[in-house]
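Coordinate inspection notes
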Amino acid sequence: MRPVIKASLHYLALAVVSVLWLIPVYAMVINGFKSDLEVSSTPVLVPPTQFSIGAYVSVFGSLAKPLLNSLIIVIPTSFIAAFLGAMGAYFFYTLSYSYSRFSSTLSDVLFSLIALATFIPYQATLIPLTRLIVDMGLLDTYAGIIFAMLIFYIPTGALLMSMFISVLPRSLVEAAKIDGTGDLKIFLKIVFPLSMPGFISTLIFIIIQSWNNFFIPLVLVTTPEMKLISVAVEAYTGGYGTLYNDTFAAAMLASIIPLAIFIFLGRYFIRGLIALGGGGKGV
Amino acid sequence: MKKGTVILVVPTALFSIILLYLVLWNAGVSFMNWSLLNPTPSLVGLETFVSVVRQFQFSNSLVHSLELSVSLVAIGNILGILLASLLYFLKSNGARSIFMSIMIYPLAISMAVNGLIWLWLYNINIGIDWVLTKIGLPQFPWLSSTSTMFPSLIVVSVWAYTGIAALFYLAGFMNIDKAVVEAARLDGAGAFKITYKLLVPNSFNSFVISTALLFLFSFRIFSLPFILSGGTTNIFLQTSVLYMYYLFTVEFFSDATAVATIITVIATIVIIPYALIMIRRWIRR
């Protein structure tokens, strides 16, 4: 085969896969801009002939509060989880200095725990979690949802940051240790600033995960006032005979923030995913 | 160890211990008989497990969960290798990262929203079937037939999660010494031969990571079948986590915790060895 043909086939295969992969987001973007009239006459894969924001206007009223609620939850959750996780990760890093039996057992146990918290089907803690939040008097409060999310996302932060911190050169920390600097100070002054790209990856990963978390707000919110966007869109499931432009407009409003983050800072999210899998050299 | 050092780990340890407490509390209740009908629970040993395991819905939903995970692991790994090798042989780094992003983007959208979108794409009059009939193919029933419902769920999961496998295989391929690949190419090996003789056999780590992550993610998929089936009671789409949530909503609390315990045990069997392999490789170098 001639190289030109080979290269074109190569790109053709990738283009076909990309088109297939992009169909859902294409449907989401075009259908939110259809007018009610056009919805009843066109299928979902045909773009609108006229551009209408009617559907966005009609769903925004009921989604504005959930969007705000999600922001109020996600911003503190992600910053706290990524920062406290980073602290924990530096502790693992210092543990790996001493090769004593005790510290290696301790690090195995702690690391298993944070991995459990990261990967467990968190739905399985439904009943004790609900009870804990109710007993703390935090049902239907921002604090309750944030607390519940931190149970899972601080360990996630620690796991991801462990991967990023482990690639820092030892000599930097060694030098500070010899000067008698405490570990807390070393973390704040040296390790944290140096692992800033890793911190951003961890932060973005947790923002997207917590924004999209469906189950925790589903069980810990019982009043419509406190609904988060991930759960609020469920009202637009519809069924046959309902107008789908509303569904897609709601879907778009719920996805616009994570999608925008993914489009502009996607490389950080991807590094976060790689760290989740156990790192790759120099992530 | 100094006090300042210990303070570093307190938040992580505290929240991890809360999680452990939740898991153990859950396991404890699964040995009781707490439900709406019985508000003052007492210890009953394995009785709850025995009665739960005998339910049709339990085995039905567990089989669904395992089928979903096994299908996703199998399809995800195969497609992941194919896509990663297509990306590996691209000359342009820019093109590679754009194609990679297109395969990963479903993970940036919530599964609930993905479910909403796919509900309409699966509509037999105006969804994908409209295109199929336009080009003269027969309609596919998707969610409107009980036999194609579950495969339709697998299709969405494959679309959502295959990017992970492609990403880890690509990372694995990129770690293989370029000089070796070049030498093989000079010896006249084609892209296909390089992939299955050189790249794939040297990517065992990628295989382990993809398999573990695809299994763990698919095992806990909740919102996708929840939205696609419009609730928790559709037995053709009910997975273990959905069934557990259903038991909770009808207030069979101990039954729900028993299912949750079984789910946790299955996930833990994968998580702990995986975590210990990861720690040995990356933290203690």
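Above this text you will find the structure in question.
Given the structure is predicted, the values throughout are model-derived calculations rather than measurements.

**Notes on the overall build of chain A**
Within chain A, the regular secondary structure consists of 12 helices and zero strands. Sequence-ordered secondary structure for chain A, helices as α and strands as β, is α-α-α-α-α-α-α-α-α-α-α-α. Along the first, second and third principal axes, the C-alpha set of chain A runs to 75 × 70 × 30 Å. By the burial criterion, 59% of the 283 residues in chain A qualify as buried. Long-range contacts, defined as pairs at least 24 residues apart, comprise 73% of the intrachain contacts of chain A with a sequence gap of at least 6. Within the structure as shown, chain A displays about 11200 Å² of accessible surface, and the carbon and sulfur contribution to it stands at 71%. For chain A, the distance from the average position of its 14 positive side-chain charges to the average position of its 11 negative side-chain charges is 14 Å.

**Notes on empty space enclosed by the protein**
Any empty space left between atoms is shown by rolling a water-sized probe over those atoms. Residue and element names in this part refer to chain A. Enumeration over the complete set of coordinates arrives at two cavities of 30 Å³ or more. At four residues, the largest contribution of residues to the lining of the largest cavity is made by helix α9 (residues 196–212). Across the lining of the largest cavity, the residue classes break down as 22 nonpolar, eight polar and one charged.

**Re the nonpolar core**
Met 28 and Ile 151 of chain A together with Tyr 161 of chain B are the most contacted members of the largest nonpolar core, which has 208 residues in total. In terms of domain composition, this core takes at least three residues from each of domain 1 (3–31) and domain 2 (56–276) of chain A. In this structure Tyr 161 of chain B touches Leu 72, Leu 107, Met 111, Leu 214, Phe 217 and Ile 221 of chain B, once residues within four positions along its chain are discounted.

**Examining helix α9 (residues 191–199) of chain B**
Residues and elements named next belong to chain B. Of the positions making up α9, those classed as buried are Ile 194, Thr 195, Leu 198 and Leu 199. Buried positions in α9, seen along its axis, are confined to an arc of 115° and lie on one side of it. Structural note: α9 exposes Phe 192 and Lys 197 on the side pointing more than 90 degrees away from its buried face.

**Some points on the interface of chain B and chain A**
Each partner contributes residues to the interface: chain B has 93 residues there, and chain A has 103 residues. Note on chain B versus chain A: buried area summed over both sides is about 9000 Å², and carbon and sulfur give 80% of it. It is Leu 8, Trp 120 and Arg 220 of chain B that lose the most area in chain B upon contact with chain A, and together they represent 9% of the buried surface on that side. At the junction of chain B with chain A, the criterion picks out zero salt bridges.

Definitions and cut-offs
- Residues numbered from 1 in each chain as written.
- Chains lettered and ligands numbered in written order.
- Predicted model: local features only at pLDDT ≥ 70, side-chain atom pairs only at ≥ 80, totals over all residues.
- Heavy atoms only, no water.
- Helix = DSSP H or I, 4+ residues; strand = E, 2+ residues; numbered from the N terminus.
- Buried < 20%, exposed > 50% of the residue type's maximum accessible area, 1.4 Å probe, protein only.
- Contact = heavy atoms within 4.5 Å.
- Areas by Shrake-Rupley, 256 points an atom, 1.4 Å probe, with all protein chains shown as cover.
- Lys, Arg positive; Asp, Glu negative; His and termini not counted.
- Charge placed at Lys NZ, Arg CZ, Asp CG, Glu CD.
- 1 Å grid on protein atoms, 1.4 Å probe; cavity = no way out; pocket = protein on both sides within 12 Å on 5 of 7 lines; lining within 4 Å.
- Points joined across faces, edges and corners; volume = space filled by probe spheres on them.
- Nonpolar A, V, L, I, M, F, W, Y, C, P; charged D, E, K, R; others polar.
- Core = buried A, V, L, I, M, F, W, Y, C linked by side-chain atoms within 4.5 Å.
- Domains from an automatic or database assignment.
- Arc of directions from axis to C-beta.
- Buried area = accessible area lost by both parts, 1.4 Å probe.
- Salt bridge = Lys/Arg side-chain N within 4 Å of Asp/Glu carboxyl O.

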